[in-house]
Amino acid sequence: MTSLFLLEPEPTAAWFPFADSRPIAELRAGSWLIRERWEAVSAGEATAIFGPPHLSAFVEDGVPQVSARHAITGPAIVGRSDFAPEGDPLPVTGEARRLTHGGTTVGWSVPDGAAWEGEHDEWPEAEIAGVQLHGAWDLVETLEHFLPADTVDFTREPGDALPDGSIVIGDPADIVLLGARVEPGVVFDTRSGVIVLEQHSYIKSGARLEGPLYVGPGSEILGGPVSQCSIGPRCKVRGEVTRVVFLGFANKAHSGFVGDSVIGRWANLGANTVTSNLKNTYGPVRIELPGERIETGRQFLGSLIGDHAKTAIGTLLNTGTVIGVGANVVASGQPPKYVPPFTWAKAGTLMNKGGFLEVAARVLPRRNVEFTDEVREMLDAIYTYATAR
């Protein structure tokens, strides 16, 4: 059996705010996590993630151990987490191969008996398909690249019949209900792509769903137009939402436009939180972090909102706003374009670690997730790392 190891990039500003709190491999590229995409092309589950020390205590269902990088013996595939692969399973042949995409090394195929110890630039190249990710903003681009094909794949599985009272614009065969519950009056628009509703998802009357769209297990769409999104498990979404990646367990249960954004796990957006996703100049969006400006090259980019971050009612987020893990935007209006992790914006003061853990212990059980000692240890390590910079 071929083992799979995922190699994390260095935690640079480009991956802020998500690299503070989770492996890049656990970010969502299209309908699937990056790890799941590597698992698909290696035809097996990941054995380990080679990541930074502050994530060694990372714990979530289905996620392998995060450990320091070390030598491994084949047969194995080592894939970089800042690359999202696609295509047929990669064969591990008798010859060591360096997996490349557009001239960039994105992984290694390690044959039986051979050892992988690092970059191995001397190994011959084998080109593979996928998307090279330069930073967290590129997850929005993966919607455009992956989501149409991802949702089409689901049409191979049998779906449930649409309930009476549904309104369909386009081909009804492009609506895949895998045990989802849909109230009468929901509008489905499949003219631009397939709509997939996973098991135990719930769509309330008044929602207008436009494909391509993926709604993960247990998520709820409470109303409003939702289009071209990848919504992870156990989210609540309402309002005008376009080209947004929800990693999972997030709450946007009220009105307010959110577009071209990435929303972290356990994030909570207060009522009428609004993102701007287009500059008045119609130019490319720049992300501004302490001591660094990053040109994303994207004309449309809303906000990057970290895990466990929260916004107050009436929060107005400027184009390219970045909110750190655990931050709390406590005042309505427009916060700074950069909110440091675990701070109270606009006050700018650091959140007490004990207070943050106490809130998390209240929040997780609301989605039937136990706040275990392991979860506490993980969040403690994340807090210590993110506030030390």
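Everything here concerns the structure above.
Residues numbered from 1 in each chain as written. Predicted model: local features only at pLDDT ≥ 70, side-chain atom pairs only at ≥ 80, totals over all residues. Heavy atoms only, no water.

## Overview of the side chain of Ser81
Alright, step 1. Along the polypeptide, Ser81 turns up in the loop between strand 7 (76-80) and strand 8 (83-86).
Alright, step 2. Of note is the side chain of Ser81, whose polar atom sits 2.6 Å from the side chain of Glu8.
Alright, step 3. Beyond its immediate stretch of four places on either side in the chain, Ser81 contacts Leu6, Leu7, Glu8, Pro9, Ile24, Ala25, Ile34 and Leu133. (Helix = DSSP H or I, 4+ residues; strand = E, 2+ residues; numbered from the N terminus. Polar contact = N/O pair within 3.5 Å; in protein donor to acceptor, adjacent residues only side chain to side chain. Contact = heavy atoms within 4.5 Å.)

## Focus on the pattern of salt bridges
Alright, step 1. This structure, assessed with the given rule, holds 19 salt bridges.
Alright, step 2. Where Glu295 meets Arg286, a salt bridge forms, and the shortest distance between an N and an O atom there is 2.8 Å.
Alright, step 3. Residue Glu295 is classed as partly exposed on the basis of its relative accessible area of 47%.
Alright, step 4. Of the residues examined, Arg286 reaches a relative accessible area of 27% and is grouped as partly exposed.
Alright, step 5. With a closest N to O distance of 3.3 Å, Asp380 and Lys353 form a salt bridge. Taken as a pair, Asp380 in helix 4 (residues 373-388) and Lys353 in helix 3 (residues 353-363) lie far apart in primary sequence, 27 residues in all. (Salt bridge = Lys/Arg side-chain N within 4 Å of Asp/Glu carboxyl O. Buried < 20%, exposed > 50% of the residue type's maximum accessible area, 1.4 Å probe, protein only.)

## Things to note about the layout of surface pockets
Picture a little ball the size of a water molecule; that probe, rolled over the atoms, points out where space is still empty.
Alright, step 1. Its volume calculated, the largest pocket comes out at about 520 Å³.
Alright, step 2. Taken together, 27 residues line the largest pocket, and the ones lying closest to its centre are Val59, Glu60, Asp61, Arg265 and Val369.
Alright, step 3. Split into classes, the residues belonging to the lining of the largest pocket amount to 13 nonpolar, four polar and ten charged. (1 Å grid on protein atoms, 1.4 Å probe; cavity = no way out; pocket = protein on both sides within 12 Å on 5 of 7 lines; lining within 4 Å. Points joined across faces, edges and corners; volume = space filled by probe spheres on them. Nonpolar A, V, L, I, M, F, W, Y, C, P; charged D, E, K, R; others polar.)

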